[in-house]
Amino acid sequence: MQYLVSVIDDGTGLATPTEDAAIDAFNDRLKAEGYWVFAGGLGAPDPATVVDNRGGEPVFTDGPFVESKEYLVGFWIIEAPDLDVVLKLATEGSKACNRKVEVRPFL
Amino acid sequence: MSEVDVRAAIAQVHHEEWARVVAALTKRFGDLDIAEEAAAEAFATAVERWPTDGVPPNPGGWLTTTANHKAIDRIRRENKREDKHKEAQLVHDDTPSEPLGAIEDERLRLIFTCCHPALAMETRMALTLRMVGGLTVPEIARAFLVQETAMGQRITRAKAKIKSARIPYRVPSAEDLPARVSGVLAVLYLVFNEGYLATGPDTDPVRHDLTAEAIRLTRLIRALMPEDGEVAGLLALMLLTEARRTARVSASGELVALDEQDRGAWDAALVAEGHRLVRERLAAAAAGVSPGRYQILAAINAVHTSAREIRDTDWSQVVALYDQLVRLDPSPIVALNRAVAVAELDGPEVALAAVERLDDTLAGYHAYHATRADLLRRLGRSQQSRAAYDKAIELAGNTAETAYLIRRRDQLG
């Protein structure tokens, strides 16, 4: 079972060196214990481009699809047997990156 | 057996066996929804058949077998392939959990799943009442004053989340157990309190259906985890509170404060049972096990219920217990309740000073203003007392309490 653990930023900005180090240590642990699938950092949503090709012509819109004070700043994809395991990992992940995280199961 | 007897037998079996049937089916089929529906169908079949066929010698076994057949029928009906069904199964962990001092019971898994911290508190309450308590959706909707459809959706959503996010069907590990048990107790205490001080303009001031259900479920957990001190503490607290239920509201529907209650109307059997549990916990505390908040609250209630008259109350003991509670839970509400006891020990002036220090945090809480009003009244400061009563009346949500506050205000000189 895979879960998406989204990291939510509310304007704190980029990770500090201390946070980066804690995230690295947490990532190493995920890999060593077999939970790791993938992870990535995104930064602020300003450079986003929305593409909509549902009509005849593709439409490109500058900026994120939703303007919000809180935005996705990074994520982990974690392989875990059940929600208890992933909640425990997410609790540590939130501590490591010093941000709120949201846990969602993949279908 | 007459039809009335059969109906009483079914009601009793429902109380005793519902959770067991749901738990057994959840284990077998890995799906709460299928378990719940099949259990409900099995009981409906019992209602249909038992009046003519008679109550079977092993009603629980009969119900489980019948529910199993119903579940298999449903799975076939929906043409679910066995492998597809397996995919969606709840994670059922068969490794034996840490010894809990009780026979491992499937119902414990059910309780911990329904009270999982990833579910909203009101969802946990509703789900526990449905899956473990066996209350129907309309009954739960009435209990929480919400529309039946909204309650149905809340429960359906919860079951869907348990399945899709894989909330496991197991007793938590020893490391997580204390936190998870206290989560379960919080759910039961909220159910109890919603019954004991029901809110809403059109509800009865005391909802016995909810207090009774909370006690029944806490008894079940006590039977499953007899070594847990906080479980015993919560049960004692509920029993000692419930014992005063009938004395607590007057014939005219007004709240009767502790000092005006007819102590002869207290339920002596519940008091005795509560006191037995408190004594058990006191013995454990003497042996060095430090008590949690429910045990301390139960001990406070034991002091109150030990006094034949209000003037016999050992207030120094009550204050000492509140001091112990403050160390554990330094919340303003605990401080407010402590001040009520301090008023009896050190006088209203000392208590008022303590209460007014809580103004920042409790200004929106009716009991803060009611306590302040009473202390001001005792100090002869009628005008300020009246203003505080007005504020308390404005904020109170329980009909009996509002009636009581209005009378006290109108008695001011």
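Residues numbered from 1 in each chain as written. Chains lettered and ligands numbered in written order. Predicted model: local features only at pLDDT ≥ 70, side-chain atom pairs only at ≥ 80, totals over all residues.

(A) Region of interest: the interface of chain A and chain B. Between chain A and chain B, the residue contacts involve 7 residues of the former and 7 residues of the latter. In terms of residue count, the dominant contributor to the side of chain A that touches chain B is helix α2 (residues 83–97) of chain A (3 residues). Residues that form the side of chain A that touches chain B fall into these classes: 5 nonpolar, no polar and 2 charged. (Contact = placed C-beta atoms within 7 Å. Helix = DSSP H or I, 4+ residues; strand = E, 2+ residues; numbered from the N terminus. Nonpolar A, V, L, I, M, F, W, Y, C, P; charged D, E, K, R; others polar.)

(B) Representation of unusual backbone geometry within the structure. You will see that Asn-98 of chain A, though not glycine, has its phi angle at about 60°, which is positive. Mapping Asn-98 of chain A onto the fold places it in the loop between α2 and β6 (100–105). Exposure remark for Asn-98 of chain A: the 14 C-beta atoms within 10 Å place this residue in the partly exposed category. Phi at Arg-166 of chain B takes a positive value of approximately 60°, unusual for a residue other than glycine. Overall, Arg-166 of chain B belongs to the buried group, with 22 C-beta atoms counted inside 10 Å. (Buried ≥ 20, exposed ≤ 12 C-beta atoms within 10 Å, placed from the backbone.)

(C) Fine view of the domain arrangement of chain B. Domain boundaries assigned for chain B yield domain 1 (3–87), domain 2 (106–226) and domain 3 (229–313). The gap between the C-alpha centroids of domain 1 of chain B and domain 3 of chain B is 38 Å. (Domains from an automatic or database assignment.)

(D) Geometry of the environment of Gln-2 of chain A. Residues and elements named next belong to chain A. Relative to the assigned elements, Gln-2 resides in strand β1 (residues 2–9). On the basis of neighbour counts, which here come to 13 C-beta atoms within 10 Å, the residue Gln-2 falls in the partly exposed class. A sequence separation of 17 residues divides Gln-2 from Glu-19, and the C-alpha atoms of the two residues are 25 Å apart.

(E) Main features of the sheet that holds β1 of chain A. Residues and elements named next belong to chain A. Spatially, the 4 strands line up as an open sheet ordered β2-β5-β1-β6, and their pairing is antiparallel. Of all strands in the sheet, those with a lone pairing partner are β2 (36–41) and β6, marking the two edges. Pairwise comparison of adjacent strand axes, ignoring direction, gives a mean angle of 20° for this sheet. (Pairing = 2+ DSSP bridges. Axes fitted to C-alpha atoms, helices over the stretch in contact; angles between N-to-C directions.)

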